[in-house]
Amino acid sequence: MATLVDDLTTLARADESLIDVERVALAEAVDTSWQNVETASVELVADTARTVRADEGQLHRVLENLFRNAVTHGQADTIIVGELDEDAGFFVEDDGTGIPPPDRDAIFERGYTTDDTGTGVGLAIVREIVDAHDWEITVREGDAGGARFEIVGLSA
């Protein structure tokens, strides 16, 4: 219930300006976000020394929602966070069930879910926060067949 309230509050504020953009160590944001998600026995592999300009709280929400999506909907055993060379970007990849190509655009729409108990707001929030930062997000198949979210256009 608390997650749903947080998600709905984030959606309600999504059209507002970014509140506090600062330099954020991505590795620290990953660690903090990981601690805020129930991950059961899922393993996190994070390899990044990147610093990004972001609203730290909103960056945490992006990471938490991507982690939660991989655990809850993707049934992942491992989640990897790493750097992309181009555009000072990063990726969040899992080894779960993946996202079929026809659904890859729809997953960011409010209300879209494949789970009867899902709210359909988690990835919509991710897209809105990414857009508010003037970043870009794409989803494709990861190396292990799961989902791979790539976020680019970050400035250090």
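Okay, so let's go over this structure. (Residues numbered from 1 in each chain as written. Predicted model: local features only at pLDDT ≥ 70, side-chain atom pairs only at ≥ 80, totals over all residues. Heavy atoms only, no water.)

**A look at the overall build of the protein chain**
Move 1: Regarding its fold elements, the protein chain presents four helices and seven strands.
Move 2: Buried positions account for 47% of the 156 residues belonging to the protein chain.
Move 3: Considering only residue pairs separated by 6 or more positions, the protein chain has 67% of its internal contacts joining residues 24 or more positions apart.
Move 4: Carbon and sulfur atoms make up 43% of the accessible area of the protein chain, which amounts to about 8100 Å² in all. (Helix = DSSP H or I, 4+ residues; strand = E, 2+ residues; numbered from the N terminus. Buried < 20%, exposed > 50% of the residue type's maximum accessible area, 1.4 Å probe, protein only. Contact = heavy atoms within 4.5 Å. Areas by Shrake-Rupley, 256 points an atom, 1.4 Å probe, with all protein chains shown as cover.)

**Describing the nonpolar core**
Move 1: In this structure, Leu59, Leu63, Phe67, Ile79, Phe90, Phe149 and Ile151 are the most contacted members of the largest nonpolar core, which totals 37 residues.
Move 2: Counting only elements with at least two residues in this core, the list comes to helix H2 (26-35), strand S3 (51-55), helix H3 (56-72), strand S4 (78-84), strand S5 (89-94), helix H4 (122-132), strand S6 (136-141) and strand S7 (147-152).
Move 3: Looking at which element gives the most residues to this core, the answer is H3, with seven residues. (Core = buried A, V, L, I, M, F, W, Y, C linked by side-chain atoms within 4.5 Å.)

**Comments concerning unusual backbone geometry**
Move 1: The phi dihedral of Ala40 falls on the positive side, at around 50°, and the residue is not glycine.
Move 2: Along the chain, Ala40 turns up in the loop between H2 and strand S2 (43-47).
Move 3: The phi dihedral of Gln75 is positive, around 55°, even though this residue is not glycine.
Move 4: Residue position: Gln75 is located in the loop between H3 and S4.

**As for the sheet that holds S6**
Move 1: In space, the five strands of this open sheet follow the order S2-S4-S5-S7-S6, with mixed pairing throughout. The open sheet has two edge strands, S2 and S6, and neither has a second partner. The sheet shows a mean angle of 15° between the axes of neighbouring strands, direction not considered.
Move 2: Pairing of S4 with S5, which is carried by six bridges, proceeds in the antiparallel orientation. Pairing of Ile79 across the sheet is with Asp94, part of S5.
Move 3: Against the sheet, H3 contacts S2, S4, S5 and S7, and its axis sits at roughly 25° relative to S5. (Pairing = 2+ DSSP bridges. Axes fitted to C-alpha atoms, helices over the stretch in contact; angles between N-to-C directions.)

**Here's the deal with the pattern of salt bridges**
Move 1: Counted by the stated rule, this structure contains six salt bridges.
Move 2: Close ionic contact of Glu150 with Arg140 constitutes a salt bridge, the shortest N to O distance being 3.1 Å. A residue pair is termed long-range when its members are at least 10 positions apart, and Glu150 in strand S7 and Arg140 in strand S6 qualify at ten residues.
Move 3: Take Arg140: its relative accessible area is 35%, and that puts it in the partly exposed class.
Move 4: For Arg148, the salt bridge goes to Glu150, with nearest N and O atoms at 2.6 Å. For the pair shown, Arg148 and Glu150 are each scored as buried.
Move 5: Put simply, Glu93, Arg140, Arg148 and Glu150 are held in one network by salt bridges that share partners. (Salt bridge = Lys/Arg side-chain N within 4 Å of Asp/Glu carboxyl O.)

**Section: the side chain of Arg104**
Move 1: Its location among the elements puts Arg104 in the loop between S5 and H4.
Move 2: Glu141 provides the closest opposite charge to the buried, unpaired Arg104, separated from it by 4.4 Å.
Move 3: Engagement of the side chain of Arg104 in a polar contact is seen with the backbone oxygen of Ile99, the distance being 2.8 Å. (Lys, Arg positive; Asp, Glu negative; His and termini not counted. Polar contact = N/O pair within 3.5 Å; in protein donor to acceptor, adjacent residues only side chain to side chain.)

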